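So the chains spell out like this:
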Amino acid sequence: MKYIFSNSFQYAPSETGGMLYYSLNHNAPRVSFAEAAVKGQAPDKGLYFPRFIPELPKGFIDNIQAYSKEEIGFVVMKPYIGETITNTALQDIITETVNFNIPLVPINNHISSLELFHGPTLAFKDVGARFMSRCLGYFNKNNDKEVTVLVATSGDTGGAVANGFLGVEGIKVVILYPSGKVSRVQELQLTTLGKNITALEVEGTFDDCQNMVKQAFADIELNKRLLLTSANSINVARWLPQQLYYFYAYQQWQEKEPPVISVPSGNFGNICAGILANVSGLPVKHFIAACNSNKVVTQYLQSGNYEPQPAIPTISNAMDVGNPSNFIRIIEIFHQQFHELKSKVSSISVDDITTAQVIKKVFSTNNYLLDPHGAVAYYALENYCNTTNAKGFIVETAHPVKFAETVEKIIEEKVEIPTAINQLLSAEKQSIVIPPEFNALKEWLINQ
Ligand SMILES: *Cc1c(COP(=O)(O)O)cnc(C)c1O
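Since we're looking at a predicted model, the values are computed, not measured. Each chain has its residues counted from 1, running along the sequence as written. Local features in this predicted model are restricted to residues of pLDDT 70 or higher, and side-chain atom pairs are both shown and tallied only at a pLDDT of 80 or more, whereas totals for entire chains, interfaces and linings draw on every residue. Only hydrogens and water are set aside; all other atoms, that is, all heavy atoms of the structure, feed into the side-chain values.

**Thoughts on the packing of aromatic side chains**
- Only Phe, Tyr and Trp rings take part, Trp by its six-membered ring, and two of them pair if their centres are within 6.5 Å. Stacked means planes under 30 degrees apart, edge-to-face means over 60, and tilted covers everything else. Inspection of every chain in the model, using the stated rule, returns 14 aromatic pairs.
- Between Phe-60 and Phe-247, the aromatic rings sit 6.3 Å apart at their centres with planes inclined by 50°, giving tilted as the arrangement. Linking Phe-60 in the loop between β2 (48-50) and α3 (69-81) with Phe-247 in helix α11 (residues 244-252), this pair joins segments that are 187 residues apart in sequence.
- Residue exposure (1.4 Å probe, protein chains only): buried if accessible area is under 20% of the type maximum, exposed if over 50%, otherwise partly exposed. Residue classification places Phe-60 among the buried residues on the basis of a relative accessible area of 1%.
- Judged by centre distance (5.7 Å) and plane angle (75°), the rings of Tyr-138 and Phe-139 are edge-to-face.
- Each residue in the set Phe-268, Tyr-300, Tyr-306, Phe-327 and Phe-338 is aromatic and connected to the rest through ring pairs, giving one cluster.
- As a reminder, the over-ring test applies to NZ of lysine and CZ of arginine, requiring each to be within 6 Å of the ring centre and within 35 degrees of the ring normal. Against the face of Tyr-138 rests Lys-141, its NZ or CZ located 3.9 Å from the ring centre.
- Seen from the ring of Trp-239, Arg-329 lies directly overhead, with NZ or CZ sitting 4.2 Å from the centre. Strands are runs of DSSP state E lasting at least two residues, helices are runs of H or I lasting at least four, and both sets are numbered from the N terminus onward.

This is the structure:
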């Protein structure tokens, strides 16, 4: 494979030798990509944000058809990485990150679906998790101390992170999940990998898992003994590579007018990456943040008041977030200018009944099966297209089979099971059951 960009493309600002990241709480030193990726969060608990948003090289978008997925990945990511990863290693990381199909599939005349569910865990989180895991493996390769990645999961994140880190040298992954509270497929994705991945089945809730992990990061003795790190979705190494598939979609976009893009949003990392790509030069007509009944951002865009709420459970449960952590990054991209933000991004809240109706309607009319998250995005986009006559695509974030129980009830038919899942269903679950107490986790971590 050839990478024509490695030496020929130059980015204007001199700082690209080492892009710096600042904390959005503005009370911590600026750091390199490497440090931001390893730390996850700034010491002042703020999210890291790049000091400037790079501009795409001239002519890149006009010629985008000519480039491979890997080449696009390199051009987009290089300025964010600076010299913290060598060009060859970055090329390898990108190649491994996007080694599955990311097709833009038409559903009808106005709406297409960017299918991000062809990766190993059938969810879009594979892209960010694969990139981050390989970066951490790279940064840790000269360190003789093993790193332990601790993650609490309510479902999709754990699987993507575990799979991303599987076999990465020098890194151990410990996943905490609430016993009996994740779907069968999700549980098997966490518990059947083996190697450097261990699943701790906690006899409690997701909140218990999350609290145990938080206590572990704050525990002085534990942090003296182990190099603990998190694989949280706010990590820049998970957030930034999510820009890539917006470029792959544009490569496949056939219309003259740029697309309207509807993104099913929970923590708003995905849509925020799309907006970043747009500011760098990717043509996008408009963004729609499609939300379920958790509508903090929808209400913010109406009223200008941001009021976090407790999360409400829905059938699109990966979006059940009452205080989206990445929203502050979107505000930063628009320089705190509410009106600029409002002219580029709109938001709508879609309830479960409507979501189910959409799944049923699109399946019977267009013979396309949406998952509940994609269905929320579809409704939002259709609504927008009806009033503006625009065309666009939804970001389909998960394969419907991951939510088979919900979807089968709605369409009153069995969902076809992909081969990867079939293999999983016959694999043997391996977990270690622990009580929902920090001391149980600590003891296990020390004695492992
Ligand atoms: C995580 C997730 C989302 C929400 O993505 P954010 O980046 O948190 O907005 C949407 N759909 C699925 C299937 C997910 O797993």
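Text resumes after the structure shown.
**Concerning empty space enclosed by the protein**
- Here a cavity means grid points, on a 1 Å grid over the protein atoms only, where a 1.4 Å probe fits yet cannot get out; a pocket means an open set of points with protein on both sides within 12 Å along at least five of seven lines; lining residues are those with an atom within 4 Å of a point. Grid points are joined across faces, edges and corners, and a volume is the space filled by probe spheres set on the points. All chains considered together, the criterion is met by three cavities of 30 Å³ or more.
- Taken as a whole, the largest cavity holds about 50 Å³ of empty space.
- Looking at the largest cavity, it is lined by 11 residues, and the ones nearest its centre are Pro-54, Leu-56, Val-76, Tyr-80 and Ser-280.
- Tallying contributions element by element places α3 first for the lining of the largest cavity, with four residues.
- In this classification, the charged set is Asp, Glu, Lys and Arg, the nonpolar set is Ala, Val, Leu, Ile, Met, Phe, Trp, Tyr, Cys and Pro, and all remaining amino acids, among them Gly, are polar. A breakdown of the residues in the lining of the largest cavity according to their chemical character gives eight nonpolar, two polar and one charged.

**Some remarks on the site of the ligand**
- Near the ligand you find 15 residues, and of these Lys-125, Gly-266, Asn-267, Phe-268 and Thr-397 are the closest.
- One of the backbone nitrogen or oxygen atoms of Phe-268 is found 2.9 Å away from an oxygen atom of the ligand.
- The backbone of Asn-270 places a nitrogen or oxygen atom 2.9 Å from an oxygen atom of the ligand.
- Surface exposure here means Shrake-Rupley accessible area, sampled with a 1.4 Å probe, where a residue is shielded only by the protein chains that are shown. Relative to its free-state accessible area of 380 Å², the ligand is covered by the protein chains to the extent of 95%.
- Residue classes in the shell around the ligand are distributed as six nonpolar, seven polar and two charged. Residue proximity to a molecule or strand is established when one non-hydrogen atom of the residue lies within 4 Å of it. Whenever a nitrogen or oxygen atom comes within 3.5 Å of another N or O atom, the pair is scored as a polar contact, on the condition that within protein one atom can donate a hydrogen and the other can accept it, and that pairs from neighbouring residues in sequence are kept only if both atoms are in side chains.

**Points about the pairing of strand β4 (residues 111-115)**
- The buried fraction of β4 amounts to five of the five residues, a majority that puts the element mostly inside the structure.
- In β4, alternate side chains face the same way, and those of Ile-111, Ser-113 and Glu-115 on one face and Ser-112 and Leu-114 on the other are all buried.
- Pairing between two strands requires that DSSP report at least two bridges joining them. As defined by bridge partners, strand β3 (residues 104-106) adjoins β4 across three bridges and the pair is classed as antiparallel. Considered in β4, the bridge of Pro-106 is made with Ser-112.
- Pairing of β4 with strand β12 (residues 392-396), which is carried by five bridges, proceeds in the parallel orientation. Counted as the bridge partner of Ile-111 is Gly-392 from β12.

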